[in-house]
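Okay, here's what each chain looks like letter by letter:
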Amino acid sequence: MTESPVRLHHVDEGPRDAPVIVLSGSLGSTLEMWRPQVGPLTERFRVIRIDHRGHGGSPVPPGPYRIADLAGDVIALLDDLGLDQVAWCGLSMGGMVGIYLGSEAPQRLTSLTLCCTSSNFPDTSVWADRIKAVADGGTAPIAETVVSRWFTPGWAAEHPDAVAEAVAMVAGSSDEGYLASCQALEVWDHRDRLPAISAPTLVIAGSADLSTPVEPHARTIVDGIPGARLEVLEAAHLATIERADEATPLIAENAGR
């Protein structure tokens, strides 16, 4: 790990004696993005939702960040909670943290669910452009554009309140934390470590995901992790919200392995 860990803001729900699953979200989100999963998952699991550094209620240390830093924060939290092993479910940036933990701290994971995520970005110009935009104007001006890629147009039109909440979540993000996290994604490349992941791995992808499309992002992960399984849902980037009724049982099934 490259930086000292920070104490992550988190919400810890469900039976104390149940298996533990950690839910880890996307760039620009808070732990509230996992609300659709909480009710069903707490019937079987102790559910810990986290805000990554620079996000939500967690500290905003100076950037740039690296995925290794975010993973170090998670390990510190697990140590504080006395948890030797957990099931992991991460979406987008949270999935990248899961990939890092799966290869570099495999003893801490019982299973790995990777939603709408990537092991690297072949074209990093999207991050260079996003970094410049946030440096120039903060997160508020980019929020609607970012969220327009989170949901399919049809679903967004039918769920304006959910879209408005998502826009507010991005707009309310720390400018410094968001920018520093973009810097982590800009240099992220963990493809060569995928074969080291041994936890039972489920990859959930969105058929209409413009941010981390199935080809090449999900496909690279599935091909790289031994025994990984792919499920493609009819959704955009936040498939866990848009297709919660399909995604949540898949998450539970893999976490229970």
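Before reading on, note that the structure itself is shown above.
Residue indices follow the written sequence of each chain, beginning from 1 at its first position. Reporting in this predicted model follows two pLDDT cut-offs: at least 70 for local features of residues, and 80 or more for side-chain atom pairs to be given and counted; totals over whole chains, interfaces and linings ignore these cut-offs and use all residues. Only hydrogens and water are removed before side-chain values are computed, so all heavy atoms of the structure are retained for them.

1. Considering the sheet that holds strand 1 (residues 10-13)
We count it as follows: We treat two strands as partners when DSSP finds at least two bridges between them. Secondary structure elements are defined from DSSP: runs of H or I of at least 4 residues count as helices, runs of E of at least 2 residues count as strands, and each element is numbered from the N terminus. Between N-to-C directions, angles span 0 to 180 degrees; the directions come from axes that are lines fitted to C-alpha atoms, helices contributing only their stretch in contact. Residue contacts follow a heavy-atom distance rule, with two residues in contact if any of their heavy atoms lie within 4.5 Å.
Across the sheet, which stays open at both edges, the seven strands sit in the order 1-3-2-4-5-6-7 with mixed pairing between neighbours. Each edge of the open sheet is held by one strand with a lone partner, namely strand 1 and strand 7 (229-233). When strand polarity is set aside, the average angle formed by the axes of neighbouring strands in this sheet is 15°. Here four bridges tie strand 5 (residues 109-115) to strand 6 (residues 201-206), and the two strands are oriented parallel to one another. By the bridge assignment for strand 6, Leu-114 is matched with Val-203. Packed on one face of the sheet, helix 2 (residues 67-81) meets strand 1, strand 2 (20-24), strand 3 (46-50) and strand 4 (86-91) and runs near 140° to strand 3. The strands touched by helix 11 (residues 244-255) are strand 2, strand 4, strand 5, strand 6 and strand 7; relative to strand 6, the strand with the most contacts, the crossing angle is about 165°.

2. Regarding the packing of helix 2 against helix 3 (residues 93-104)
Any two packed helices are characterised by the angle at which their axes cross and by the distance between the axes. To keep it simple, the criterion reads: Angle categories: roughly parallel below 35 degrees, roughly antiparallel above 145, roughly perpendicular from 65 to 115, and oblique for all the rest. When residue character is reported, Ala, Val, Leu, Ile, Met, Phe, Trp, Tyr, Cys and Pro are called nonpolar, Asp, Glu, Lys and Arg charged, and the others, Gly included, polar.
Contact geometry of helix 2 with helix 3 gives a least axis separation of 9 Å together with a crossing angle of 75°. Taken together, the axes of helix 2 and helix 3 are roughly perpendicular relative to one another. Here helix 2 contributes Ile-67, Ala-68, Leu-70, Ala-71, Val-74 and Ile-75 to the contact with helix 3, which in turn contributes Met-93, Met-96, Val-97, Tyr-100 and Leu-101. Across the contact of helix 2 with helix 3, the residue classes tally to eleven nonpolar, no polar and no charged.

3. Comments concerning helix 4 (residues 125-137)
Basically, it comes down to this: Helix span is expected to be 1.5 Å times the residue number reduced by one. With a 1.4 Å probe rolled over the protein chains alone, any residue whose accessible area is under 20% of its type maximum counts as buried; one over 50% counts as exposed, and the rest are partly exposed. Note that the arc is computed from the directions linking the helix axis to the C-beta atoms.
An ideal rise of 1.5 Å per residue puts 18 Å on 13 residues; helix 4 measures up with 18 Å between its terminal C-alpha atoms. The complete set of buried residues in helix 4 reads Trp-127, Arg-130, Ile-131 and Val-134. Each buried residue of helix 4 sits inside an arc of 100° when the element is viewed along its axis, so together they form one side. Looking at helix 4, the residues exposed on the side facing more than 90 degrees away from the buried face are Asp-129, Lys-132 and Asp-136. On its buried face, helix 4 sits against helix 5 (143-147) and helix 8 (175-186). With its phi angle positive at about 85°, Gly-138 sits one or two positions after the end of helix 4.

4. Focus on the pattern of salt bridges
Condition: Take a side-chain nitrogen of Lys or Arg and a carboxyl oxygen of Asp or Glu: if they are within 4 Å of each other, that pair is a salt bridge.
Going through the model one piece at a time under the given rule, you end up with 15 salt bridges. Residues Asp-79 and Arg-108 are paired through a salt bridge, measuring 2.9 Å at the closest nitrogen-oxygen approach. Within this pair, whereas Asp-79 is found in helix 2, its partner Arg-108 is found in the loop between helix 3 and strand 5, the two being separated by 29 residues in sequence. Linking Arg-191 and Asp-189 is a salt bridge whose minimum nitrogen-to-oxygen distance equals 2.7 Å. A residue is classified by how much of its surface remains accessible, and Asp-189, at 39% relative accessible area, is partly exposed. Look at the salt bridges and you will find they share partners, linking Asp-12, Arg-16 and Arg-46 into a network.

5. Points about unusual backbone geometry
Residue Pro-64 is bonded to the preceding Gly-63 through a cis peptide linkage, with omega at -5°. Looking at where Pro-64 falls in the secondary structure, it is placed in the loop between strand 3 and helix 2. Backbone torsion omega between Glu-215 and Pro-216 reads 10°, so that peptide bond is classified as cis. By the secondary structure assignment, Pro-216 is in helix 9 (residues 214-224). With a phi angle near 60°, Ser-92 is a residue other than glycine that sits in the positive phi range. Structurally, the position occupied by Ser-92 is in the loop between strand 4 and helix 3. The backbone phi angle of Cys-116 is positive, close to 45°, even though this residue is not glycine. Its location among the elements puts Cys-116 in the loop between strand 5 and helix 4.

6. Section: the pairing of strand 4
Among the six residues that make up strand 4, six are buried, leaving the element largely enclosed by the rest of the structure. Covered by surrounding structure in strand 4 are Val-86, Trp-88 and Gly-90 together with Ala-87, Cys-89 and Leu-91, the residues of both alternating faces. Bridging between strand 2 and strand 4 involves four bridges; their strand directions are parallel. Each bridged residue has a counterpart across the sheet, and for Leu-23 the counterpart in strand 4 is Cys-89. Sheet analysis places strand 4 next to strand 5, joined by six bridges and oriented parallel. Along strand 5, the bridge assignment pairs Leu-91 with Cys-115.

Any functional reading would require information beyond the geometric quantities listed.
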